[in-house]
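Here are the chains, one letter per residue:
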Amino acid sequence: MFRLANFEEGTELYKYLSSISSKTIYDALCEWVSTPYELLEFYEEEFETGYFDDIGKFLKTSPSGAALAAKYAMWCSEWFPTEELPEEAAAGIEFLWRKRERMMEKMLDQEKYYTFDLFEELLFDRMIGFMAGVEEMQDSPEGREMFSEQISKRERSIKKTRKDLIKKFGFDTEEAAWMAHTVNCAGSMSLSDAEYAGFESPFFWDDDYIVFFDESDTFVEAIHQIVSDIGAMTGYGYEDIVEIFTDAGYQIPIFLVGTKTAYETREEDAQEWTRKIREDIFSDLTHPDSPDGDEGDMPDISDWPDEEHPYN
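As a starting point, this report considers the structure included with it. Only a predicted model underlies this, so the values are computations on that prediction, with no experimental measurement involved.

With that settled, the discussion passes to the overall build of the protein. Tallying secondary structure elements over the protein gives 15 helices and zero strands in all. When the 312 residues of the protein are sorted by exposure, 42% land in the buried category. Long-range contacts, defined here as pairs at least 24 residues apart, represent 65% of the contacts in the protein between residues at least 6 apart.

Right, let's get into the packing of helix H11 (residues 219-226) against helix H13 (residues 238-246). Following both chains from N to C, one finds H11 and H13 inclined at 155 degrees, their axes separated by 10 Å at the closest point. Between H11 and H13, the interaxial angle falls into the category roughly antiparallel. With respect to the hand of their crossing, H11 and H13 are arranged in left-handed fashion. Residue-level contacts link Phe219, Ile223 and Ile226 of H11 to Ile241, Ile244 and Phe245 of H13. Along the lines of polarity and charge, the residues of the contact of H11 with H13 split into six nonpolar, no polar and no charged.

Quick look at unusual backbone geometry now. At Asn6, a position not held by glycine, the phi torsion is positive, near 65 degrees. Among the structural elements, Asn6 can be located in the segment before helix H1 (12-32).

In this model helix H4 (residues 87-108) runs 32 Å from its N-terminal to its C-terminal C-alpha over 22 residues, within 8% of the 32 Å that 1.5 Å per residue would give. Within H4, 17 of the 22 residues are buried, which leaves the element mostly enclosed by the surrounding structure.

The next thing to look at is the packing of aromatic side chains. Counted under the stated rule, the structure contains 32 aromatic pairs. On the numbers, 5.8 Å between centres and 45 degrees between planes, the contact of Phe2 with Phe124 is tilted. Taken together, the residues span a long stretch of sequence, with Phe2 in the segment before H1 and Phe124 in helix H5 (residues 118-138) at a distance of 122 residues. Centre to centre, the rings of Phe52 and Phe119 are 6.5 Å apart; their planes meet at 75 degrees, and the pair counts as edge-to-face. Linking Phe52 in the loop between helix H2 (36-46) and helix H3 (66-76) with Phe119 in helix H5, this pair joins segments that are 67 residues apart in sequence. Note on accessibility: Phe52 and Phe119 belong to one class, buried.

On to the side chain of Asp164, then. Tracing the sequence through the fold places Asp164 in helix H7 (residues 148-167). Owing to a relative accessible area of 8%, Asp164 belongs among the buried residues under this scheme. Side-chain polar atoms of Asp164 contact the side chain of Lys160, separated by 2.8 Å. In contact with Asp164, other than residues within four places in its own chain, are Tyr16 and Phe169.

All chains considered together, the criterion is met by two cavities of 30 Å³ or more. In this structure, the largest cavity encloses a volume near 60 Å³. Forming the walls of the largest cavity are Phe2, Arg3, Leu4, Ala5, Thr115, Phe116, Glu121, Pro202, Phe203 and Trp205. Here the lining of the largest cavity is built from residues that sort into seven nonpolar, one polar and two charged. Roughly 30 Å³ of internal volume is contained in the second largest cavity.

What follows is about the environment of Ile210. Tracing the backbone shows Ile210 in helix H10 (residues 208-214). Along the chain, Ile210 and Phe119 lie 91 residues apart, while their C-alpha atoms are 9.3 Å from each other.

What follows concerns the pattern of salt bridges. Following the criterion strictly, the structure yields 19 salt bridges and no others. As a salt-bridge pair, Glu120 and Lys106 come within 2.9 Å of each other at their nearest N and O atoms. Of this pair, Glu120 sits in helix H5 while Lys106 sits in helix H4, placing them 14 residues apart in sequence. Grouping residues by exposure puts Glu120 and Lys106 together as buried. Where Lys260 meets Glu239, a salt bridge forms, and the shortest distance between an N and an O atom there is 2.9 Å. A residue pair is termed long-range when its members are at least 10 positions apart, and Lys260 in helix H15 (residues 260-285) and Glu239 in helix H13 qualify at 21 residues.

The rules behind these values
Residues numbered from 1 in each chain as written. Predicted model: local features only at pLDDT ≥ 70, side-chain atom pairs only at ≥ 80, totals over all residues. Heavy atoms only, no water. Helix = DSSP H or I, 4+ residues; strand = E, 2+ residues; numbered from the N terminus. Buried < 20%, exposed > 50% of the residue type's maximum accessible area, 1.4 Å probe, protein only. Contact = heavy atoms within 4.5 Å. Axes fitted to C-alpha atoms, helices over the stretch in contact; angles between N-to-C directions. Parallel < 35°, antiparallel > 145°, perpendicular 65-115°, else oblique. Left-handed = near helix turned anticlockwise from the far one by under 90°. Nonpolar A, V, L, I, M, F, W, Y, C, P; charged D, E, K, R; others polar. Expected span 1.5 Å × (residues − 1). Phe/Tyr/Trp six-rings, centres within 6.5 Å; stacked < 30°, edge-to-face > 60°. Polar contact = N/O pair within 3.5 Å; in protein donor to acceptor, adjacent residues only side chain to side chain. 1 Å grid on protein atoms, 1.4 Å probe; cavity = no way out; pocket = protein on both sides within 12 Å on 5 of 7 lines; lining within 4 Å. Points joined across faces, edges and corners; volume = space filled by probe spheres on them. Salt bridge = Lys/Arg side-chain N within 4 Å of Asp/Glu carboxyl O.

From the geometry alone we can't say anything about function, so treat these as descriptive.
Next comes the structure, spelled out in structure tokens:
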């Protein structure tokens, strides 16, 4: 199930909201990319030519990922593209499918809560955008007639969730209405939707996935950014980086991410550099007449005559 942001894990409320959210996300992932053709379409629309350049030489299936690779081959077996895909495109498309597949598996797991990794967050964001369009279409007069059963089911779920949040968990009416809609409507789960409504997002802690993957020209460049000092300074450990690959059934791409020892050394250097910068900033802000920041050394101005008071 989904590990919610800004909620205390382990509570009855947490399990309740995560359960509803996980089902909503799972159903949306199924609708978002359900055929190899749709996956190819997503790849071509969302990733510029060359984004996955060189990725193929780093993605080697691990022994534990063999079943996933076979499942992908079977999934594609009924679809025959009119032309052969370039090797890098084929590697990138399979990588996208594996990540989506793992996201779905995580949402079905009733025993464990999962945080999407940085690249999965990017895919999650794209799925949300797709579902926002779907839900907008369904809410049109024509759409409501065509998808009346699906819309009625969603509206009943929203109504029940809102009622539960107010009566069982003490939510006020406004927050209950927003939360009930958000956890039942995948198209409303974005960080910007939460900010616009004035609430904290249950699904995103930050937008680092944009900083790394959207603002990089290639996937490989994005990974280089994460394994650099920048990644260490923003709080990502070595395990967070390699999980992007190992969780999808690949071996650790050492020639791309480097070794754990090398990363931890950079991480320590980055933390030391950050500590020194902070010390320098605080030092510059210290009053020159009070190097130790002791307020007792400051002049007492409470009993100064008005004409001598420096702030009058």
